[in-house]
Amino acid sequence: MTLPPADWPLRDLSRSVRTGEVDWHVQVAGRGPVILLLHGSGGSSHSFAGMLPQLAAHGTVVVPDLPGHGFTTGARYDSLTLPRLREALASLLQALELPRPALVAGHSAGAALALRWALDAPRPPKAVLGFAPSLVPPPAYYMQWMAPLVHPFATSAPVTSLLAWSVGPTGMLDWLLDSTGTRLPEPERRLYRTLFAQPGHVRGAMSFMAAADLPRLLPGCAALRCPTAFVLGRDDGWLRERPLRRVLERHLPQAAVETWPGGHLLHELESRRAAERLIALL
């Protein structure tokens, strides 16, 4: 594991933990019921930095950099499927000597991973919460015909290295951040620039996106044995509210769904409100 720089958010809470081939960077704080927070594709533990101190007053908050992301290293890029990531997270909690989570929350693709956790865990958490959940699957024709061609190319080392190299000179990352519908302040943008300047992080983000098999995940959600809640962004430029609501109504009809003003990264700008929503589920 490569430790975050000294000025990384909540750096004093960072731990290094090894499980199998994965060297984890994880931040842990608080005491009480375990609250597991899962960032989205391309994110890292910093995504929840604004929420963590508030949540730590109510439980043991565990915020890892997922394998292939941030400062967690060692994972194979072809292992970033939802089931394999759930197994890796279970190993991490065991290494931390922590019990099963009482609450699992995720942002974007992390929300899909939170659902996978709840479906596969021997005992489900008390609740699952997703912020701007990435649950709109691509068209069937894409998965059948295009994905087998596109995904190996998009996740290859040469392509992701080129993307990482181009982040700074081209301003592409700022364009991507703006396209989310969230106007992040400059200090937060610098964190994403640090992440996306690392070819390994870019490859992990692309691999995680490519491996999120939503057509397999969503039909099983009818079997969930715990309450679910979702917060959608009214101005989300990546996941439009209307198609996302249709997916939730079809596959998770009992879920509590609400819409807040804001874009895809709304939980970062509305960290206090997001933390209060989580605390309410406890």
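This text goes with the structure placed above it.
What counts, and where the lines are drawn
Residues numbered from 1 in each chain as written. Predicted model: local features only at pLDDT ≥ 70, side-chain atom pairs only at ≥ 80, totals over all residues. Heavy atoms only, no water. Helix = DSSP H or I, 4+ residues; strand = E, 2+ residues; numbered from the N terminus. Contact = heavy atoms within 4.5 Å. Core = buried A, V, L, I, M, F, W, Y, C linked by side-chain atoms within 4.5 Å. Buried < 20%, exposed > 50% of the residue type's maximum accessible area, 1.4 Å probe, protein only. Polar contact = N/O pair within 3.5 Å; in protein donor to acceptor, adjacent residues only side chain to side chain. Phe/Tyr/Trp six-rings, centres within 6.5 Å; stacked < 30°, edge-to-face > 60°. Lys NZ or Arg CZ within 6 Å of the ring centre and 35° of its normal.

A.B. asks: I tried to follow the environment of Arg 190 on my own but got confused; where do I start?
C.D. replies: Tracing the backbone through its elements, the reader meets Arg 190 in helix 7 (residues 186-196). For the pair Arg 190 and Asp 174, spaced 16 residues apart in sequence, the C-alpha to C-alpha distance is 9.7 Å.

A.B. asks: Just checking my understanding: could you explain the environment of Cys 221 for this structure?
C.D. replies: Within the secondary structure layout, Cys 221 lies in the loop between helix 9 (214-217) and strand 7 (228-233). A sequence separation of 32 residues divides Cys 221 from Pro 253, and the C-alpha atoms of the two residues are 9.8 Å apart. Among all residues touching Cys 221, those that are not within four sequence positions of it are Leu 115, Leu 119, His 251 and Leu 252.

A.B. asks: Would you mind going over the nonpolar core with me for this structure?
C.D. replies: The nonpolar side chains of a soluble globular protein tend to be buried with one another. Of all hydrophobic cores here, the largest spans 45 residues; its most connected members are Leu 38, Leu 115, Leu 135, Leu 217, Phe 230 and Leu 252. Among the elements that make up this core, the one with the highest residue count is helix 3 (residues 109-120) (seven residues). Apart from the residues within four sequence positions on either side, Leu 115 is in contact with Val 128, Leu 135, Leu 217, Cys 221, Leu 224, Thr 228, Phe 230 and Leu 252. If you look at the next biggest cluster of nonpolar residues, it comprises 23 residues, including Ile 35, Leu 52, Leu 129 and Val 231.

A.B. asks: Sorry if this is basic, but what is going on with the side chain of His 46 here?
C.D. replies: Here His 46 lies in the loop between strand 3 (34-38) and helix 1 (52-55). One polar contact links His 46 to Ser 44, side chain to side chain, over a distance of 2.7 Å.

A.B. asks: I keep staring at unusual backbone geometry and nothing clicks. Help me out?
C.D. replies: Non-glycine residue Glu 97 carries a positive phi angle of around 60 degrees. Of note, Glu 97 is situated in the loop between helix 2 (82-95) and strand 5 (103-107). Look at Ala 132: it is not a glycine, yet its phi comes out positive at around 45 degrees. A residue is classified by how much of its surface remains accessible, and Ala 132, at 1% relative accessible area, is buried.

A.B. asks: Just checking my understanding: could you explain the packing of aromatic side chains for this structure?
C.D. replies: For any pair of aromatic rings, geometry is given as the distance between the ring centres together with the angle between the planes. Taken as a whole and judged by the stated rule, the model has two aromatic pairs. Ring centres 5.1 Å apart and planes at 85 degrees place the aromatic pair Trp 8 and Phe 71 in the edge-to-face group. Here Trp 8 is found in the segment before strand 1 (14-19), whereas its partner Phe 71 is found in the loop between strand 4 (60-64) and helix 2, with 63 residues between them in sequence. Per residue, the accessibility class of Trp 8 equals that of Phe 71, and both read buried. The side chain of Arg 273 reaches across the aromatic face of Trp 260, ending 4.1 Å from its centre.

Note that all results are geometric; they support no functional claim without further evidence.
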